[in-house]
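As a plain string of letters, each chain reads:
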Amino acid sequence: MKRITPIPRTMSKSLLNPYGYTIFDNRALTAFPLHYHEYYEAELITDGEGVFIINGNEYPVGRGSFCFLRPTDLHEITTSTPLRTVNIPFSGSAVSKEIFHALTAGNSCYICTLDDETLAFAESLVRYLYSLTYGRQQDAKLKAVTVSSLLTLLLTLFFRSPNLAVEATEAASPVFRALAYMHQNFTADPPLRAAAAESGLQINYFCKKFKQLTGRTYTDYLNELKIDYSCRLLRGTRLSVIDVCFTCGFTSVSQFNREFRKRKGLPPGAYRKSAMQQ
């Protein structure tokens, strides 16, 4: 049974540049295990063949495949021949509000195959974005506007594609539906019965299938989501430890401190101090 692997938090913290994105050219991707991460992601396949498995649903991909993923989407990649992919992690602030709202409306991710003409255009945008990212320094304001325009234009290609496939959460397997629900609602401290109801399974059977997939109990997985979020708040905001505790969905400070120390080896205040010194 496959296990879910979060992208390491050190990568999530430093991955996006000050403009809210980054870009990678993966030249020989053979596989990537089941995982999720803290940012949005656009991925363009420029060579090779494989399968994207998103929230339990399989999508064959090859040259011209273009996929948009949300932080709540659990996904993995298998290949029949090595893939060359352009991977663009980004935050909502890196693109126009209109395109971001369009992409994130509802519980769906997007995958499509671009025709030859559109793919050639997409590849030219990618080359320009890559040179802008790793080339000579430019005026910061001008670069921010240019980056946002390029990313927005690139993402609008989804909506121009006549073969756009929308992967709805409701179509996914029962446990994946529950996981998506947890990722979207963990700060509200959703009870086990709510997640089981989302999956459509009886509670005992849901618990069994959930642990088979994730390797953890429902409560442990939920607390892990809360602690991951609390780390981002401790690093990136001035919220007090008490405010972070309740913002993340914990119901008491003692519970928050206990769970945080168990996973990070030190209390929240010490973690913040250490993070600020790095």
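Parameters at a glance
Residues numbered from 1 in each chain as written. Predicted model: local features only at pLDDT ≥ 70, side-chain atom pairs only at ≥ 80, totals over all residues. Heavy atoms only, no water. Helix = DSSP H or I, 4+ residues; strand = E, 2+ residues; numbered from the N terminus. Buried < 20%, exposed > 50% of the residue type's maximum accessible area, 1.4 Å probe, protein only. Contact = heavy atoms within 4.5 Å. Areas by Shrake-Rupley, 256 points an atom, 1.4 Å probe, with all protein chains shown as cover. Core = buried A, V, L, I, M, F, W, Y, C linked by side-chain atoms within 4.5 Å. Axes fitted to C-alpha atoms, helices over the stretch in contact; angles between N-to-C directions. Parallel < 35°, antiparallel > 145°, perpendicular 65-115°, else oblique. Nonpolar A, V, L, I, M, F, W, Y, C, P; charged D, E, K, R; others polar. pLDDT = per-residue confidence, 0-100. Salt bridge = Lys/Arg side-chain N within 4 Å of Asp/Glu carboxyl O. Phe/Tyr/Trp six-rings, centres within 6.5 Å; stacked < 30°, edge-to-face > 60°. Lys NZ or Arg CZ within 6 Å of the ring centre and 35° of its normal.

1. Quick notes on the overall build of the protein
When its secondary structure is counted, the protein shows 11 helices and eight strands. Evaluated residue by residue, the protein yields a buried proportion of 48% over its 278 residues. Here the contacts in the protein between residues at least 6 apart in sequence split such that 74% fall between residues at least 24 apart. Summed over all atoms, the accessible surface of the protein reaches about 13600 Å², with 54% contributed by carbon and sulfur.

2. Thoughts on the nonpolar core
Nonpolar side chains tend toward joint burial in soluble globular proteins. Of all hydrophobic cores here, the largest spans 31 residues; its most connected members are Tyr21, Phe66, Ile88 and Phe90. For this core, the secondary-structure elements that each account for two or more residues are strand E3 (40–54), strand E5 (65–69), strand E6 (75–90), helix H2 (97–104), strand E7 (108–113), helix H3 (116–134) and helix H4 (140–160). It is H4 that provides the largest number of residues to this core, a total of seven residues. When sequence neighbours within four positions are dropped, the list of residues in contact with Tyr21 reads Leu16, Ile88, Pro89, Phe90, Ala94, Leu129, Thr133, Val147 and Leu151.

3. Describing the packing of helix H5 (residues 174–185) against helix H7 (residues 203–214)
H7 packs onto H5 with a crossing angle of 80 degrees between their chain directions and a minimal axis gap of 10 Å. Between H5 and H7, the interaxial angle falls into the category roughly perpendicular. Together, Val175, Phe176, Ala178, Leu179 and Met182 of H5 and Phe206, Lys209, Phe210, Leu213 and Thr214 of H7 make up the contact between the two elements. Its residues placed into classes, the contact of H5 with H7 shows eight nonpolar, one polar and one charged.

4. Considerations on unusual backbone geometry
In this structure, Asp189 is a non-glycine residue whose phi angle is positive, near 55 degrees. Examined against the element boundaries, Asp189 turns out to sit in the loop between H5 and helix H6 (192–199). A relative accessible area of 31% places Asp189 in the partly exposed class.

5. Some details on the side chain of Thr46
Tracing the backbone shows Thr46 in strand E3. Apart from the residues lying within four places of it in its own chain, the contact partners of Thr46 are Arg63, Arg84, Thr85, Val86 and Glu123.

6. Some details on the confidence of the model for the protein
Per-residue confidence for the protein averages 85 on the pLDDT scale, and 88% of its residues sit at or above 70. Here helix H1 (residues 9–15) stands out as the element of the protein with the lowest mean pLDDT, 48, in contrast to helix H10 (residues 253–264), whose mean of 96 is the highest. In the model, residues 167–171 has pLDDT below 50 throughout and makes 19 contacts with residues more than four positions away in sequence or in other chains.

7. Observations concerning the pattern of salt bridges
Enumeration according to the criterion identifies eight salt bridges in this entry. For Arg84, the salt bridge is made with Asp25, and the minimal N-O distance between the two is 2.6 Å. Taken together, the positions of Arg84 in strand E6 and Asp25 in strand E2 (residues 24–36) put the pair 59 residues apart, joining distant regions of the chain. Arg63 is the partner of Glu123 in a salt bridge, and the nearest nitrogen-oxygen pair spans 3.1 Å. Of the two residues, Glu123 is situated in helix H3 and Arg63 in the loop between strand E4 (57–62) and E5; the sequence distance between them amounts to 60 residues. We classify Glu123 as buried; its relative accessible area is 18%.

8. A word on the packing of aromatic side chains
One pass over the full model with this rule turns up 12 aromatic pairs. Taking 6.0 Å as the distance between ring centres and 5 degrees as the angle between the ring planes, the aromatic pair formed by Tyr40 and Phe68 counts as stacked. Of this pair, Tyr40 sits in strand E3 while Phe68 sits in strand E5, and the two are 28 residues apart along the sequence. Under the relative-accessibility criterion, Tyr40 is labelled buried at 19%. Taken together, a centroid distance of 5.3 Å and an interplanar angle of 75 degrees make the contact between Phe260 and Tyr271 edge-to-face. You can see Phe260 sitting in helix H10 and its partner Tyr271 sitting in helix H11 (residues 268–277), a full 11 residues away along the chain. The class for Tyr271 is buried, based on a relative accessible area of 16%. Put simply, the rings of Phe206, Phe210, Tyr218 and Tyr221 touch in pairs and so form one group of aromatic residues. Sitting above the plane of the Phe250 ring, Lys226 keeps its charged end 5.0 Å from the centroid.

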